[in-house]
Amino acid sequence: MADLGLGPPFSRALPFHFPISPSRFHSAPRSLTMAADHPHSYSFSNPSPIPGPSTSQPSLLVFSGGTAFNGVVEELKKLTTCVAHVLPVSDDGGSTAEIVRVLGGPAVGDIRSRCLRLSDQSTSEALAVRKLLGHRLPLDAQIAKLEWYQIVEGEHALWEGVSKPYRETIRSFLAYFQNQILRRSKESFCFSNGSIGNFFFAGARIFFDSLDAAIFLFSRVSDIPTESLILPVISTNDRLTLGCELWDGSIIRGQNEISHPTSGSMQPINKEISSVPPLPSAIKRVFYMSSEGRNLLHEVFPTANPAVLDQLSNVDCIVYAMGSLFTSICPSLVLLGIGEIISSSSCLKVLLLNGTHDRETSGFSASRFVSAITDALNRTYGDPQNRLKNPPSQYINTLLVPKDGQIPVDVQCLASQGIFHVITVDSICDPDMGIIFDPKSLIRALADLIGRQTTTNVIEAQ
């Protein structure tokens, strides 16, 4: 590459062909009939086998962040690839924060992370592309910059096994990203701990001036199944800032400051609860605020991605995944239209309870998780009258709990919320994350729930 300052010649015609038929779900929505006469709980350790591939896969929509649910994505593929992964675009930590600081736009880290988890691994080239886009640069800023130049110039060992068409396409968008950085001469970009996948994603987003187009490109480069959808909960090219209001009235600005404050460090985020100071008060709610806002007067109300609303109306099961409750799950629930559609749907609605406490949910019981999700979906938009009044049972009808988890399961309180279906699933102890669901047991539990519902629907239809 002769001149990184100008970037390579770049044609609007992509170097190789991408399939252009849109992804879609094929399963029709199904109703849910639940026996809810009294609270009950049972263990789910030896469930029936996951059904093999069929012509009609169950369709799921999963609200999650980019980390906790990633561990079960591979196992979920064995149940179905008809999954809409709804992800927030407000993360402002790590290398994502540096991209947003210098180039603006929404955060793409969670989306990139899920795309990589869904990417093809069936060939040596697919693995090479996945390894390249999943690579992180060293923490030392100078060493990271030197390695970045090796990659963008095509001289790094990571390019081994990547064929010319893929190499030309990926390098073009990496070079375009570099070009955009150099155009912002007043800002010095720090490559420390930078994600190559994030850089590729940002280059594509800016080039196409479209977050959706960037996701489509990344999905095709990573060879994600066409029936799997990666949906930003807000489809935008603008920067989004998450804020939270605590019960003591104070406001915290920025997702990272709420969940894992790092004082601007580019070090990998340590998500252990003991690694960060506790919040001065419990979180009352999360909301979006203007990029320079500091208080409730700067609250803004972005529009939900229409594709998310469309998929919510046409899936067999809605899943609120484990993860950071207020910064990964609730940011996708507080948008206008989300609560209305979920409350009116008769499909299966499953909450995957966390196995350990974190900074956001210290001292929470299972029913408080349910209340937080209900409050987010019923949300307040400025005027307290702009609020839905749906009970928790219209949003959640089944709770999956990891065995030996730290979160108390207060069955009587859950019953008072109208939630009677509580299932215990086998867990494992992860050295970094604590108690988490055993992926195989979790997906088998979901398969069993969906299978039971399918049987019920067939019987009712007869």
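Throughout what follows, the structure given in this document is the object of discussion. Computed from a predicted model, the values in this text were never measured in an experiment.

**Overview of the sheet that holds strand S6 (residues 251–253)**
The strands that make up a sheet pair up through hydrogen bonds in the backbone, lying either parallel or antiparallel.
So, step 1. Pairing is antiparallel across the open sheet formed by four strands, whose spatial order is S6-S5-S7-S8. A single partner strand is all that each edge strand has here, and the edge strands are S6 and strand S8 (299–300).
So, step 2. Inspection of the sheet shows strand S5 (residues 241–246) paired to S6 by three bridges, in the antiparallel sense. Bridge pairing in S6 links Cys 244 to Ile 252.

**A word on empty space enclosed by the protein**
So, step 1. For the structure shown, the criterion picks out five cavities of 30 Å³ or more.
So, step 2. Each pocket or cavity is described by its volume, and for the largest cavity that value is around 60 Å³.
So, step 3. What lines the largest cavity is simply Thr 96, Ile 99, Val 100, Gly 104, Gly 105, Pro 106, Ala 107, Val 108, Ala 202 and Arg 205.
So, step 4. Of all elements in the fold, only helix H2 (94–103) and helix H7 (196–208) reach the threshold of two or more residues within the lining of the largest cavity.
So, step 5. Its residues placed into classes, the lining of the largest cavity shows six nonpolar, three polar and one charged.

**Considering the pattern of salt bridges**
So, step 1. Per the counting criterion, the structure on display carries 12 salt bridges.
So, step 2. Residue Lys 440 pairs with Glu 75 through a salt bridge whose shortest N-O separation is 3.6 Å. In this pair, Lys 440 sits in helix H15 (residues 439–461) while Glu 75 sits in helix H1 (residues 70–79), placing the two residues 365 residues apart along the sequence.
So, step 3. Across the pair Asp 448 and Arg 452 runs a salt bridge whose closest N-O atoms are separated by 2.4 Å. Residue Asp 448 and its partner Arg 452 are located together in helix H15, separated by four residues, close to a single helical turn.
So, step 4. A single network of salt bridges, built from pairs that share partners, joins Glu 74, Lys 77 and Arg 130.

**Here we look at the pairing of strand S13 (residues 427–430)**
Every other side chain in a regular strand lies on the same face of the sheet, so the side chains alternate between the two faces.
So, step 1. Two strands pair when backbone bridges link them, and S13 and strand S14 (residues 434–437) are joined in this way by four bridges, in the antiparallel orientation. Along S14, the bridge assignment pairs Cys 429 with Ile 435.
So, step 2. Hairpin connection between S13 and S14: a loop of three residues separates the two successive antiparallel strands.

**Overview of the nonpolar core**
If you look at soluble globular proteins, the nonpolar side chains tend to sit buried side by side.
So, step 1. Residues Phe 63, Leu 174, Phe 199, Tyr 320, Ile 338, Leu 352 and Leu 400 are the most contacted members of the largest nonpolar core, which totals 128 residues.
So, step 2. The greatest single-element share of this core, amounting to eight residues, is contributed by H7.
So, step 3. When sequence neighbours within four positions are dropped, the list of residues in contact with Leu 174 reads Trp 148, Ile 151, Val 152, Trp 159, Ile 196, Phe 199 and Phe 200.

**Focus: unusual backbone geometry**
So, step 1. Despite not being glycine, Asp 209 shows a phi value in the positive range, around 55°.
So, step 2. Tracing the chain through its elements places Asp 209 in the loop between H7 and helix H8 (211–221).

**Remarks on the environment of Cys 330**
So, step 1. With respect to the helices, strands and loops of the structure, Cys 330 is situated in the loop between helix H11 (325–329) and helix H12 (338–344).
So, step 2. Remark: the alpha-carbon pair of Cys 330 and Ser 64, spanning 266 residues in sequence, is separated by 9.1 Å.

**Here we look at the side chain of Ser 192**
So, step 1. Residue placement: Ser 192 occurs in the loop between helix H6 (164–183) and H7.
So, step 2. Classification of Ser 192 by relative accessible area gives buried; the value is 4%.
So, step 3. A distance of 2.4 Å separates the side chain of Ser 192 from the backbone oxygen of Leu 139, its partner in a polar contact.

**Digging into the pairing of S5**
So, step 1. Most of S5 is tucked away: six of the six residues are buried.
So, step 2. Burial along S5 is two-sided: Thr 241, Gly 243 and Glu 245 and Leu 242, Cys 244 and Leu 246, pointing in opposite directions, are all buried.
So, step 3. The pairing of S5 with strand S7 (residues 283–289) spans six bridges and is antiparallel. If you follow Thr 241 over to S7, its bridge partner there is Met 289.
So, step 4. Taken together, S5 and the strand that follows it, S6, pair antiparallel across an intervening segment of four residues, in which Gly 249 is found at a positive phi of about 95°.

**Some remarks on the packing of aromatic side chains**
So, step 1. Under the criterion given, the structure shown has 18 aromatic pairs.
So, step 2. Measuring from centroid to centroid gives 5.1 Å for Trp 148 and Phe 199, while their planes differ by 80°, and the two rings are edge-to-face. Note that Trp 148 is positioned in helix H5 (residues 141–152) and Phe 199 in helix H7, a separation of 51 residues in sequence.
So, step 3. Owing to a relative accessible area of 0%, Trp 148 belongs among the buried residues under this scheme.

About the criteria used
Residues numbered from 1 in each chain as written. Predicted model: local features only at pLDDT ≥ 70, side-chain atom pairs only at ≥ 80, totals over all residues. Heavy atoms only, no water. Pairing = 2+ DSSP bridges. Helix = DSSP H or I, 4+ residues; strand = E, 2+ residues; numbered from the N terminus. 1 Å grid on protein atoms, 1.4 Å probe; cavity = no way out; pocket = protein on both sides within 12 Å on 5 of 7 lines; lining within 4 Å. Points joined across faces, edges and corners; volume = space filled by probe spheres on them. Nonpolar A, V, L, I, M, F, W, Y, C, P; charged D, E, K, R; others polar. Salt bridge = Lys/Arg side-chain N within 4 Å of Asp/Glu carboxyl O. Core = buried A, V, L, I, M, F, W, Y, C linked by side-chain atoms within 4.5 Å. Buried < 20%, exposed > 50% of the residue type's maximum accessible area, 1.4 Å probe, protein only. Contact = heavy atoms within 4.5 Å. Polar contact = N/O pair within 3.5 Å; in protein donor to acceptor, adjacent residues only side chain to side chain. Phe/Tyr/Trp six-rings, centres within 6.5 Å; stacked < 30°, edge-to-face > 60°.

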